[in-house]
Amino acid sequence: MQPFAPALEDLLELLEDLDRRLRSLQAGVGPAPAGDLLLQKSDLAEINDLVDALIAGIRSIDAGCRRYRDRFLHLPVGCLCTGSEGIILEANRAAAALFGLTPDRLQGGRLQAYLHPGCIPVFRSVVEALTRGEELPVQELLFARSDGSTFPAAVAASAVRDPGAVAAEFLWVVTTSGRKRVEEALRESEERYRELTENISDAFLALDHDARVVSWNRAASLLSGRPAEEVIGKSIYDLFPELRTEDVTGFLGEVMEAGRAGVSEYRLPLRGMEHTFEVRAIPTCEGVSIYLRDISDRRRAEQALRRSEEEYRAVVESQTELIYRWLPDGIITFANDAYCRFVGIPCGNLLGRRYAPTVPAEDQARIRQTHASLTPDHPATTVEHRVVMPDGRVRWQQWTDTAFFDEEGSIVEYQSVGRDITDARMASEALLLANKKLNLLSDVTRHDILNLLNVISGYLGLSRELTDDPELQGYYRKEEEAIQGIQRYMAFTRDYRDIGAAAPIWQNVSRIAREAMTGLDMDEVAVEMQTGDLDVYADPLIIRVFANLIDNSLRHGKDVTRIHIFSEESDRGISITYEDDGIGIPHAEKERIFKRGLGRQTGFGLFLAREILAITDLSIRETGEPGKGARFEISVPPGFYRFSGRGRAP
């Protein structure tokens, strides 16, 4: 396609020049050329008219050519014109844009240079077919840009022939292969969709508007026991008649009609068992896509949890203990009826608000110290304190506080379980008072008995001096032994009297063990303490337990050089172990040594030790190996020990 406009402009200039010269002759201006003498003025006028018409026609042709050229350049599809050798003669802007160039850059180049090497044979066969005069369908070719990128395109080609019917030029219409890209994208989308639906754990199926199955994934096959090839194309209601209910059909129909996704839950029989399904339905152009998730286990777990919560609440609500839970800022999150009755506030009004009973200032400090001492390793403690009731009465309460921690070790909530111990405390105080009175009576009686024994012993001494009779002297010795026995029992009653006379208190194990050594000849015996900040709740006489153990090691251990006292905590409480490296205790004696009256001295040491410990539910036993040293284990149950270094308070 040669550019016509410049050639027409040249021809037009020649005709206009001829027109000027003819008009000059017609007017008689200037000399006439030699060949023009024969022309008459009438002929000149006719020639002028023809020239004018020719000029007008050429101008019209030129305007038409410009319009068509402009349309060619601005066509929305790429157009190329090549010569018989494949040289690009003309290219419009759309074609240049496809290649990332300007039309001028394309012109003069070979079209084959912009083809993917694999498409050149196809291009040549197209040229040969067009040269033979054949008509060809649209071809799919792959073109290459100068930056190395490629793009697929649909190409329509035709031949422009010269007067001799020889193909002189070829016209190429190039459009990007949108349909092919769409098809490829659609195919890729379908593959991703199929891969997605096949690998999800939920059962998936798609129905058309007539409820026929058009998609059925692997999970749906496993759930129903029917493979995809058995269900595709069939009505879901024919396959599973139990689904033909008003609820199911109404739900799916509403989703398709409204064009909005929906979620519902159904209990459906499957393989002889009833299952609970969560059904998600999404409207599509074809019908509806359905996702089925078996939530039977979840629903059963929720039901079990509800039953458990109901049982737990029933247990908690039936308790006479005061139970409530609260946040670190004091807001109450739970309270049982007993606690609500105690504070005189309905439970509905108590939850979500702060409430603290009136507690004497001296007790508040101990409570704060107790809460500050709670740690993830020791999250619970027990404290006794007074509470001032609304009517002004003072009551004693015992609270067991448990802290709950998050993963970072911060307290997120407390649980407090309390009970009124006023009556028990009053009974304990009354008992202590009675014990004091009995002890006073015991002291007076013992004092009088010991005085009388001293009188008897004095007279017995005088009687022995008045006779040399061996038989009488034997009687006197037996009487003196009887008097000494009575004196030992009097000493035992004095010691036993003190057990339980004072209320149990928290005592540091390391401190009382070291105090127990005071007054004993430790000589070169090394004592190793590994109890740290351990406190035990015990009778104040627990110091005598350690004093007796140490004294026994020194008296009867024979060559004891080392005493080791340490503690070990377990889920059953904590064990305080006392061991030495002496001769140990024979197996036959391990339990007998705790009986009253047995032993090499008074026989009351270990018997009293066990009695002292038993007051607060502590126990002691001997577990050593004979010949390897004595080993006593004191068992302390939970609630009767703490770690004072962490700030625990009673």
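Look up a bit, the structure's there.
Turning our attention to the nonpolar core. F546, I576, F632 and I634 are the most contacted members of the largest nonpolar core, which has 38 residues in total. Ranked by residues supplied to this core, first place goes to helix α18 (residues 542-556) with 5 residues. In this view, I634 contacts V545, F546, I574, S575, I576, L613, L618, S619 and I620; residues no more than four positions away in its chain are not counted. Of all hydrophobic cores here, the second largest spans 27 residues; its members include A203, L205, V213 and L252.

Tracing the chain through its elements places E515 in helix α17 (residues 509-516). It is 8.4 Å that separates the C-alpha atoms of E515 and A547, two residues lying 32 residues apart in sequence.

A word on the side chain of S224. Residue position: S224 is located in helix α7 (residues 218-224). Reaching out from S224, the side chain makes a polar contact with the backbone oxygen of A220 at a distance of 2.7 Å. A polar atom in the side chain of S224 sits 3.2 Å from the backbone nitrogen of R226.

What follows covers the packing of aromatic side chains. The full count for this structure, using the stated rule, is 18 aromatic pairs. Measuring from centroid to centroid gives 5.7 Å for F143 and F151, while their planes differ by 20 degrees, and the two rings are stacked. Here F143 falls in the buried class, since its relative accessible area comes to 3%. Of the residues examined, F151 reaches a relative accessible area of 5% and is grouped as buried. Through a chain of ring-to-ring contacts, three or more aromatic side chains come together here, namely Y324, W326, Y339, F342, W399 and Y414. Over the ring of F594 we find R610; its NZ or CZ atom is 4.1 Å from the centre of that ring.

Our focus in this paragraph is the state of the cysteines. On inspection of all chains with the given rule, the structure shows 1 disulfide. Across the disulfide, C340 is cross-linked to C347 (sulfur-sulfur distance 2.1 Å). Here the disulfide of C340 and C347 is right-handed, its torsion about the S-S bond being about 120 degrees. Like C347, C340 is buried.

All right, on to the packing of α18 against helix α19 (residues 605-614) then. The geometry of α18 relative to α19 is characterised by a closest axis approach of 9 Å and an angle of 150 degrees between their N-to-C directions. On the basis of the axis angle, α18 is roughly antiparallel to α19. The element α18 and its partner α19 pack so that their crossing is left-handed. Only G605, L606, A609, I612 and L613 of α19 make contact with α18, whose side of the interface consists of I542, R544, V545, N548, L549 and N552. Its residues assigned to classes, the contact of α18 with α19 shows 7 nonpolar, 3 polar and 1 charged.

Taken in spatial order, the 5 strands of this open sheet run β12-β11-β15-β14-β13, and their pairing is antiparallel. A single partner strand is all that each edge strand has here, and the edge strands are β12 (332-335) and β13 (380-388). Adjacent strand axes in the sheet meet at a mean angle of 25 degrees when their direction is disregarded. Looking at chain direction, β13 and strand β14 (residues 394-405) are connected through 9 bridges and run antiparallel. Its bridge partner being in β14, R386 is matched across the sheet by W396. Taken strand by strand, helix α14 (residues 361-372) contacts β11 (322-326), β13, β14 and β15 (411-420), and its axis lies near 160 degrees from that of β13. Each of β13, β14 and β15 touches helix α15 (residues 422-465); the most contacted strand, β14, lies at about 120 degrees to it.

Looking now at the environment of S201. The topology assignment puts S201 in the loop between α6 (178-199) and β6 (203-208). Between the alpha carbons of S201 and L292 there is a distance of 9.4 Å; along the sequence they are 91 residues apart.

The strands making up a sheet are joined through hydrogen bonds of the backbone, oriented either antiparallel or parallel. Read from one edge of the open sheet, 5 strands run β7-β6-β10-β9-β8, paired in antiparallel fashion. Of all the strands in the sheet, just β7 (213-216) and β8 (262-270) have a single pairing partner and so form its edges. Strand-to-strand twist in this sheet, taken as the mean axis angle between neighbours without regard to direction, amounts to 25 degrees. Two elements, β6 and β7, share 3 bridges in a ladder whose sense is antiparallel. Looking at β7, one finds that L207 is bridged to V213. Running over the sheet, helix α10 (residues 246-258) touches β6, β8, β9 (273-283) and β10 (287-294) and is turned about 150 degrees from β8.

The backbone of K558 shows a phi angle near 60 degrees, a positive value even though the residue is not glycine. Here K558 lies in the loop between α18 and β19 (562-570). Phi at D617 takes a positive value of approximately 70 degrees, unusual for a residue other than glycine. Locating D617 in the fold gives a position in the loop between α19 and β21 (619-622). When its relative accessible area of 53% is taken as the criterion, D617 is described as exposed.

On to α10, then. Across its 13 residues, α10 extends 17 Å between first and last C-alpha, which sits within 8% of the 18 Å expected from 1.5 Å per residue. For α10, every residue scored as buried is listed here: V248, F251, L252, G253 and V255. Next to the buried residues of α10 lie β6, α9 (236-239), β8, β9 and β10. G259, located one to two residues past α10, shows a positive phi value of around 70 degrees.

Scoring rules and cut-offs
- Residues numbered from 1 in each chain as written.
- Predicted model: local features only at pLDDT ≥ 70, side-chain atom pairs only at ≥ 80, totals over all residues.
- Heavy atoms only, no water.
- Core = buried A, V, L, I, M, F, W, Y, C linked by side-chain atoms within 4.5 Å.
- Buried < 20%, exposed > 50% of the residue type's maximum accessible area, 1.4 Å probe, protein only.
- Helix = DSSP H or I, 4+ residues; strand = E, 2+ residues; numbered from the N terminus.
- Contact = heavy atoms within 4.5 Å.
- Polar contact = N/O pair within 3.5 Å; in protein donor to acceptor, adjacent residues only side chain to side chain.
- Phe/Tyr/Trp six-rings, centres within 6.5 Å; stacked < 30°, edge-to-face > 60°.
- Lys NZ or Arg CZ within 6 Å of the ring centre and 35° of its normal.
- Disulfide = S-S within 2.5 Å.
- Axes fitted to C-alpha atoms, helices over the stretch in contact; angles between N-to-C directions.
- Parallel < 35°, antiparallel > 145°, perpendicular 65-115°, else oblique.
- Left-handed = near helix turned anticlockwise from the far one by under 90°.
- Nonpolar A, V, L, I, M, F, W, Y, C, P; charged D, E, K, R; others polar.
- Pairing = 2+ DSSP bridges.
- Expected span 1.5 Å × (residues − 1).

Any functional reading would require information beyond the geometric quantities listed.
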